[in-house]
Amino acid sequence: MAPGSRLRALLVGAVVLVGLFVLVVAATIALITRQRAPVPGPGRTAAPTAPATERPEESGRPEPPEGVEVLRERRLDGRRLDLTLRSKALDDVTEVRLLLPEGWSPGAGRTWPTLWLLHGGLDDHRAWSRSDVEELTADAPVIVVMPDGGRCGSYSDWHNGGRGGPPRWATHHLKELLPLLESRYGAGGERAVAGYSMGGQGAMLYAATGKFEAAASFSGAVHTLLPGVDLAVMLGTTAGCPGTDWKRVWGDPRGDREVWEEHNPYHQAAKLRGVRLYVASGDGRAGRGELFGDVTEELAHKAATAFAGRLRELGIPVETRFYRGKHNMTYWNRELRRALPMLLSSIGAGG
């Protein structure tokens, strides 16, 4: 082979190897990334406290829970209300976006069911605003709750080597934010939850607590101990969250397997009996003319099919949608449209 041809062949090979490495890193980050919750610092100063729109004693609702404080309320438009909160469970400041229904006001004297939408890894509480959720729920009598779950929070209370302590994302969402919404913002006791990627994992974990009537996972990390996926968890944290010890989240699966199982929807599937369920994912296959497929969605598909199979083994009904597609909002938005009628009807907000 001529020197020039040999050099070109080496360059092509190097490019392919780099491309494969980038795809694997992206896959492990986006599917099941784990990272420290943000800590206060120069770039995370708290917003000034806003006056409360209504005092609990005036509304007849229960007192807000201890451990969470509303620092700011910001009305972006007729429906969007952003809240900045100080959380004891997180030992940090965090945010949540609400989509309010027609007729909502602090003193309306009534409650509305809630639809929780959880974002995926490396995203935040604004992620679902890239979908059609505002249009889809414009006429629905429901409060849409879109909380921050940490860029790699895993919707879990972190193990931290057995010491516990912050970040405690599940505690924040279920024991701080949920009662806060019910005491101050007109949220009722009927709830549904959905999420994509890391948020799909969170949706099923939260539904397993018995606090939600329906749950949907779109390309969710719903079997984190599936061979290959467990390795992706560790590699994804190391590659995507430099400086973070991946064992902080759930420990090491070899010695802390029970902790992993406690946070794995596959192993918590029996607790979903009585919850209306929807599970969807694409296959991640390369399209015509594409050199590579979507490794992230391939992993999500394996996790989703295993999880759905486990539900059926347990005799738990689940609606599934497995399709030709990839790991992005185009498909999650489509699946939200498909799942929304079931989610809303489950909480008395359907048409």
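Located above this text is the structure these notes cover.
Residues numbered from 1 in each chain as written. Predicted model: local features only at pLDDT ≥ 70, side-chain atom pairs only at ≥ 80, totals over all residues. Heavy atoms only, no water.

Counting its secondary structure elements, the chain contains 10 helices and 9 strands. Classification of the 351 residues of the chain by burial places 52% in the buried group. Relative to all contacts within the chain whose residues are 6 or more apart in sequence, the contacts with residues 24 or more apart total 70%. By element, 53% of the accessible surface of the chain is carried by carbon and sulfur atoms, the whole surface being about 15300 Å². (Helix = DSSP H or I, 4+ residues; strand = E, 2+ residues; numbered from the N terminus. Buried < 20%, exposed > 50% of the residue type's maximum accessible area, 1.4 Å probe, protein only. Contact = heavy atoms within 4.5 Å. Areas by Shrake-Rupley, 256 points an atom, 1.4 Å probe, with all protein chains shown as cover.)

Turning our attention to the sheet that holds strand E5 (residues 143-147). Judged by pairing direction, the sheet is mixed, and its 9 strands sit side by side in the order E1-E2-E3-E5-E4-E6-E7-E8-E9 without closing on themselves. Each end of this open sheet is capped by a strand with a single partner; those strands are strand E1 (68-75) and strand E9 (319-323). Taking the axes of each pair of neighbouring strands and ignoring which way they run, one obtains an average angle of 20° across the sheet. Direction of pairing for strand E3 (residues 92-99) relative to E5: antiparallel, over a ladder of 4 bridges. Across the sheet, Leu99 pairs through a bridge with Val144, a residue of E5. Running at roughly 150° to strand E8 (residues 276-282), helix H9 (residues 295-313) makes contact with E8 and E9 of the sheet. (Pairing = 2+ DSSP bridges. Axes fitted to C-alpha atoms, helices over the stretch in contact; angles between N-to-C directions.)

Residue position: Leu90 is located in the loop between strand E2 (80-87) and E3. The spacing of Leu90 and Trp169 is 79 residues in sequence and 6.7 Å in space, taken between C-alpha atoms. Excluding its chain neighbours within four sequence positions, the residues that come into contact with Leu90 are Pro166, Pro167, Arg168, Trp169 and His172.

A few words now on the pattern of salt bridges. Counted by the stated rule, this structure contains 18 salt bridges. For Arg337, the salt bridge identified is with Asp132, shortest N-O distance 3.1 Å. Here Arg337, found in helix H10 (residues 329-346), pairs with Asp132, found in the loop between strand E4 (112-118) and helix H3 (133-136); they are 205 residues apart in sequence, far enough to count as distant. A salt bridge links Lys247 to Asp245; the shortest N-O distance between them is 3.3 Å. Each of the salt bridges in this network shares a partner with another, and the network as a whole consists of Arg321, Arg334, Glu335 and Arg338. (Salt bridge = Lys/Arg side-chain N within 4 Å of Asp/Glu carboxyl O.)

Within the fold, Leu226 resides in the loop between strand E7 (214-218) and helix H6 (229-240). In this structure, the C-alpha to C-alpha distance between Leu226 and Lys302, residues 76 residues apart in sequence, is 8.3 Å. Setting aside residues up to four positions removed in sequence, Leu226 forms contacts with Lys302, Ala303 and Ala306.

Here the focus is the side chain of Asp123. Here Asp123 shows up in the loop between E4 and H3. Its relative accessible area of 17% is what places Asp123 among the buried residues. Of note is the side chain of Asp123, whose polar atom sits 3.2 Å from the side chain of Arg130. Other than its neighbours up to four places away in sequence, Asp123 contacts Arg130, Asp148, Gly150, Arg151 and Tyr196. (Polar contact = N/O pair within 3.5 Å; in protein donor to acceptor, adjacent residues only side chain to side chain.)

In this section: the packing of aromatic side chains. Here the structure, examined in full by the defined rule, presents 8 aromatic pairs. Summarising the aromatic geometry, the rings of Trp128 and Tyr196 are spaced 5.4 Å apart at their centres and angled 70° between planes, so their arrangement reads as edge-to-face. A residue pair is termed long-range when its members are at least 10 positions apart, and Trp128 in the loop between E4 and H3 and Tyr196 in strand E6 (residues 187-196) qualify at 68 residues. Each member of the pair, Trp128 as well as Tyr196, is classed as buried. Taking the centre distance of 5.2 Å and the plane angle of 75° together, the rings of Trp250 and Trp260 count as edge-to-face. Note that Trp250 is positioned in helix H7 (residues 247-250) and Trp260 in helix H8 (residues 257-262), a separation of 10 residues in sequence. On the basis of relative accessible area, Trp250 is assigned to the buried category, the value being 1%. Classification of Trp260 by relative accessible area gives buried; the value is 1%. Taken together, the ring pairs in this structure connect Trp128, Tyr196, Phe218, Tyr278 and Trp332 into an aromatic cluster. (Phe/Tyr/Trp six-rings, centres within 6.5 Å; stacked < 30°, edge-to-face > 60°.)

The next subject is the pairing of E6. Look at any regular strand and the pattern is simple: side chains alternate between the two faces of the sheet. When you tally the buried positions in E6, you get 8 out of 10 residues, the bulk of the element. Taken together, the 6 bridges between E4 and E6 define a ladder with parallel strand orientation. Its bridge partner lying in E6, Leu117 is registered against Ala194. Bridge count between E6 and E7: 5 bridges; the pairing is parallel. Residue pairing for E7: Val193 is matched across the bridge by Ala215. Once you follow E6 into helix H5 (residues 198-207) and on to E7, the crossover reads as right-handed. (Right-handed = clockwise from strand over helix to strand, strands pointing away.)

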